[in-house]
Amino acid sequence: MPESIILTHEEKKELLGLWRKLQTNVEEKVTASDYSYIKPHLDKAIAEGKITRDKFGLSPILLDLHTVYLVGKEIGYRREITLSILLNRCILSGAISLQEVTEKFGENVTNILKSLAQINSLHAKSPTVESENFRNLLLSLANDMRIILIMIAERLVLMRKIANSTNEEARLQVANEASQLYAPLAHKLGFYKLKSELEDLVIKYTEPEVYVELSRKLEETAASREDYMANFIAPIEKSLHGNPHIKYRIKGRTKSIHSIWQKMKRQKSPFEKIYDIFAIRIIIDSEPANEKSECWQVYSLVTDLYTPNPHRLRDWLSVPKSNGYESLHTTVMGPEGRWVEVQIRTERMDTIAEHGLAAHWRYKGIKSEKGLDTLLASIRDTLEHISEDDVTDNKFKMELYKDDIFVFTPKGDLFHLPKGATILDFAFCIHTGVGSRCTGALVNGRNVPLKHTLSNGDQVEIVTSNSQTPKQAWLKIVKTSRARAKIRQALKDIGARQAALARETIERKFKNHKIEFDERQMDRLIRKMGFKRLSEFYQQVADGFIDVTDVLQRYQEMLAADNATNDTIHSAQDYTLQNEIEKNSSGDILVIERNLKDVDYKFAKCCTPIFGDEIFGFVTISGGISIHRKDCSNAHTLRERYPWRIIEARWSDKDKNGKTLYAINLRIVGHDDIGIVTNVTSVIGQEKDVILRSINIESHDTLFSGTLTLLIDEYSKLSKLIRKIETIKGIKQVSRV
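Residues numbered from 1 in each chain as written. Predicted model: local features only at pLDDT ≥ 70, side-chain atom pairs only at ≥ 80, totals over all residues. Heavy atoms only, no water.

1. What to know about the overall build of the protein
Helix and strand counts for the protein come out as 26 helices and 21 strands. Counting the 737 residues in the protein, one finds 48% classified as buried. Just so you have it, the protein exposes about 37800 Å², and 49% of that area is on carbon and sulfur atoms. (Helix = DSSP H or I, 4+ residues; strand = E, 2+ residues; numbered from the N terminus. Buried < 20%, exposed > 50% of the residue type's maximum accessible area, 1.4 Å probe, protein only. Areas by Shrake-Rupley, 256 points an atom, 1.4 Å probe, with all protein chains shown as cover.)

Written out as structure tokens, the structure is:
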């Protein structure tokens, strides 16, 4: 059970003292009636058990008062921020509604409280507070930097109070969050004192032995360090007094425990070997035009007194650091052979060094600084100098992330996306595979479609399906170039796979119809159909816009109509054609005869007719005549679609005993026995006027298949040869191709 708040005597004294300090410091901003309004609501919430001690046993009311005091010291005690901190506990407990706050204190206080509530919910939602994205999300949710300052101040107050806590695990968690989130935020905002104290407390809780040891050594050496600094400074002051035109002040400082420890680890050196545990700072009151020359003049005076280490000179006067820091650093050999760091700068430079980029902005009036630090520092500078009424003006709002959003995964991981990003953008941001299978999402527990636009701080769980694939329409949904590129690549890959499948389907169709698939002829057909790219054609086949059967028919027509580049063309030395027409009852007949003139002809490669085959002629688009066998696989299509281009033909009896050899192909299939191919070639070799031009054999398990290309003069000899081959033991099939 949470522990109810019953203040101890010490806590009551502490609360009363803080209350009086606050009333004194902010009486012009927060009136007695404001306190009178807030206190009864807090008392009621405490009495009802809605405000209880935290996991460290601390009173939230006391923590809030300390936070108000700390924030007030940083930016001044302003009415709205003070009221917001005091009212926040009432809002969280439900003692006061936001509507009541608006009516009583105005919209500005309500807006701060809304942002604080939203940020508190983010802490509960995400375990990844160490990420840069989480810090940026907090900054994007804040209307102004006072909200982030409240968070930093709350954490520093808590860190101060838990030194004696017995809840070691919770204390380590608080310290780690301070290291990973709050100290970097303080650094970005230029709250260097808060950052330094947070980092020292982190060391105290995470590495207590280191903290105790370094604290002891610093304490032991404090007196001697002060004496040494005084002895070191005395000659410098004497020398500077001799230059009355130089107005100066000198101060010494000891580095923080965190800074010393980091330097010890970085240099792998013990405490005693660290050069700059303390530093001497000489600050000159100089006119802007004389700053650099006077700094170098002081440097000359110091190095006349003490020998400098030439490797330890740091000139940030000529080239300031990116954060605006300007100074001249040198390390010199002081009394007793000890190295001492000396920093030389002007009052302006010191202000920038102490207060960060806010001071840099104020001094130089820079209008085009890049990066987050510049913007945040400018806001901090504004908050330190503007009136209460100006705080909510738009130009003082946090605008860096107005075009960005941050969204969570269910595990609490954060992703940075542009404003207007959709579910699909987020899915592809996670992984291409997730985006490609995305069907929707759960946003803050609610089902939404792919095109749903995400908002800052949304928790998104992507829903996927293995059957889902990217669509062309997705390109109109996504907003990010990453998602658009991934979708285009996925569509391209899908198209390539579909095109390959479409091609395979066409080739299978050709094979089933015993038609040879010729790559070059297919390319011609595709271009004849109006496609500039093969991929477009195959994609349309895959999508069902082009029928494979229609492609087959068009292919056959094209070969039948014009296969001049593939057909066997006989030269005039072998044959000439004479268009000899004999009138008979069946109509005009083309008679093929040796030594005929004037008419070109060619034997179609699709069926390779030879003397003795039943044939017909087909007038091609080039004007020649293609001779086909009547049982050609293309014969039916040609007669049906182009009957006016068909010419009846026959072989001339004069060429019956001619010696012309025709090329034909035979396909044989048989058992893969030893010597069977030798037997086949032996039979062919015994035939007169038959020449074996080529043979191509492939084995498949216990069978073989092959194609024989022969030169033969007439059909009757071919028929006899086929019958002889079929009688060979092991031959299962012989067919003319």
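Still more ground to cover, so stick around.
2. Brief notes about helix H26 (residues 715-726)
When the terminal C-alpha atoms of H26 are compared, their 17 Å separation across 12 residues agrees well with the 16 Å that a helix rising 1.5 Å per residue should span. Looking at the buried positions of H26, the neighbouring elements they touch are strand S18 (662-671), helix H25 (676-685), strand S19 (690-700), strand S20 (703-712) and strand S21 (731-736). (Expected span 1.5 Å × (residues − 1). Contact = heavy atoms within 4.5 Å.)

3. Details of the pattern of salt bridges
A full pass over the atoms with the stated rule returns 28 salt bridges. Of the charged contacts in the structure, one is a salt bridge between Arg249 and Glu347, with a shortest N-O distance of 2.8 Å. Highlighted residues: Arg249 in strand S1 (residues 248-254) and Glu347 in helix H15 (residues 347-355), separated in sequence by 98 residues. Note on Arg249: relative accessible area 35%, which makes it partly exposed. For Glu347, a relative accessible area of 26% translates into the label partly exposed. As a salt-bridge pair, Arg639 and Glu648 come within 3.6 Å of each other at their nearest N and O atoms. Given a relative accessible area of 32%, Arg639 falls into the partly exposed group. Overlapping salt bridges bring together Arg249, Lys251, Arg281, Arg345, Glu347 and Asp350 as one network. (Salt bridge = Lys/Arg side-chain N within 4 Å of Asp/Glu carboxyl O.)

4. A few points about the nonpolar core
Leu87, Val101, Ile152, Met159 and Leu198 are the most contacted members of the largest nonpolar core, which totals 61 residues. A total of 11 residues in this core trace back to one element, the largest contributor, which is helix H8 (residues 145-161). Each residue touching Val101, except ones within four places of it in the same chain, is listed here: Leu87, Ile91, Ile96, Gly106, Val109, Thr110 and Leu113. Ranked by size, the runner-up nonpolar core spans 31 residues in total, among them Ile625, Trp651, Leu708 and Val734. (Core = buried A, V, L, I, M, F, W, Y, C linked by side-chain atoms within 4.5 Å.)

5. Quick word on unusual backbone geometry
At Lys268, a position not held by glycine, the phi torsion is positive, near 55°. Counting through the fold element by element, Lys268 comes out in the loop between helix H13 (257-267) and strand S2 (278-284). One non-glycine residue, Asn444, lies in the positive phi region at around 55°. For Asn444, a relative accessible area of 48% corresponds to the partly exposed category.

6. Details of the side chain of Ser256
Positionally, Ser256 belongs in the loop between S1 and H13. Ignoring sequence-local partners within four residues, the contact set of Ser256 consists of Ser196 and Asp200.

7. Considerations on the state of the cysteines
Under the counting rule described, the total for this entry stands at 0 disulfides. Cysteine Cys632 shares no disulfide, and the gap to the nearest cysteine sulfur, in Cys606, comes to 3.5 Å. The class of Cys632 is buried, set by a relative accessible area of 6%. (Disulfide = S-S within 2.5 Å.)

8. Some thoughts on the environment of Asp34
Mapped onto the fold, Asp34 is located in helix H2 (residues 32-47). Looking at Asp34, the relative accessible area reads 3%, which means it is buried. For Asp34 and Phe105, which are 71 residues apart along the polypeptide, the C-alpha to C-alpha distance reads 9.1 Å.

9. A closer look at the environment of Ile283
By the element assignment, Ile283 lies in strand S2. Exposure remark for Ile283: the relative accessible area of 0% places this residue in the buried category. Ile283 sits 12 residues away from Cys295 along the chain, and the two C-alpha atoms are 8.9 Å apart. Not counting residues up to four positions away in its chain, the partners in contact with Ile283 are Lys247, Tyr248, Arg249, Lys251, Arg345, Thr346, Glu347 and Asp350.

10. With respect to the sheet that holds strand S9 (residues 438-443)
The 3 strands lie next to each other as S10-S9-S11, forming an open sheet whose pairing is antiparallel. Edge positions in the sheet fall to strand S10 (446-448) and strand S11 (460-464), since each has one partner strand and no second. Here the average twist between neighbouring strands, direction ignored, is 30°. Both S9 and S11 contribute to a ladder of 5 bridges, which runs antiparallel. Bridged to Ala441 within S11 is Ile462. (Pairing = 2+ DSSP bridges. Axes fitted to C-alpha atoms, helices over the stretch in contact; angles between N-to-C directions.)

11. Describing the sheet that holds S18
Here we have 4 strands laid out as an open sheet, ordered S19-S20-S18-S21, and antiparallel in their pairing. Lying at the two open borders of the sheet, with one neighbouring strand each, are S19 and S21. Averaged over all pairs of adjacent strands, the angle between their axes in this sheet comes to 20°, without regard to strand direction. Of the pairings in the sheet, the one linking S18 to S20 comprises 10 bridges and is antiparallel in character. Each residue of the ladder has a partner; that of His671, found in S20, is Leu703. Packed on one face of the sheet, H26 meets S18, S19, S20 and S21 and runs near 165° to S21.

12. What about a nonpolar patch on the surface?
Where nonpolar side chains cluster on the molecular surface, the patch consists of Leu692, Ile695 and Ile697 and spans about 200 Å² of accessible area. If you trace the backbone, Ile695 turns up in strand S19. (Patch = residues over 30% accessible without salt bridge, like charges linked within 9 Å, V, L, I, M, F, W, Y side chains within 5 Å.)

13. Examining helix H4 (residues 79-93)
End to end, H4 covers 22 Å across 15 residues, agreeing with the expected 21 Å (1.5 Å per residue, within 8%). The largest bend along H4 reaches roughly 40° and is located at Leu87. Most of H4 is tucked away: 12 of the 15 residues are buried. Among all positions in H4, only Glu80, Ile81, Thr82, Leu83, Ser84, Ile85, Leu86, Leu87, Asn88, Cys90, Ile91 and Ser93 are buried. Looking one or two residues past H4, Gly94 carries a phi angle of roughly 85°, positive in sign. (Bend = angle between axes of the 7 residues up to and from the residue.)

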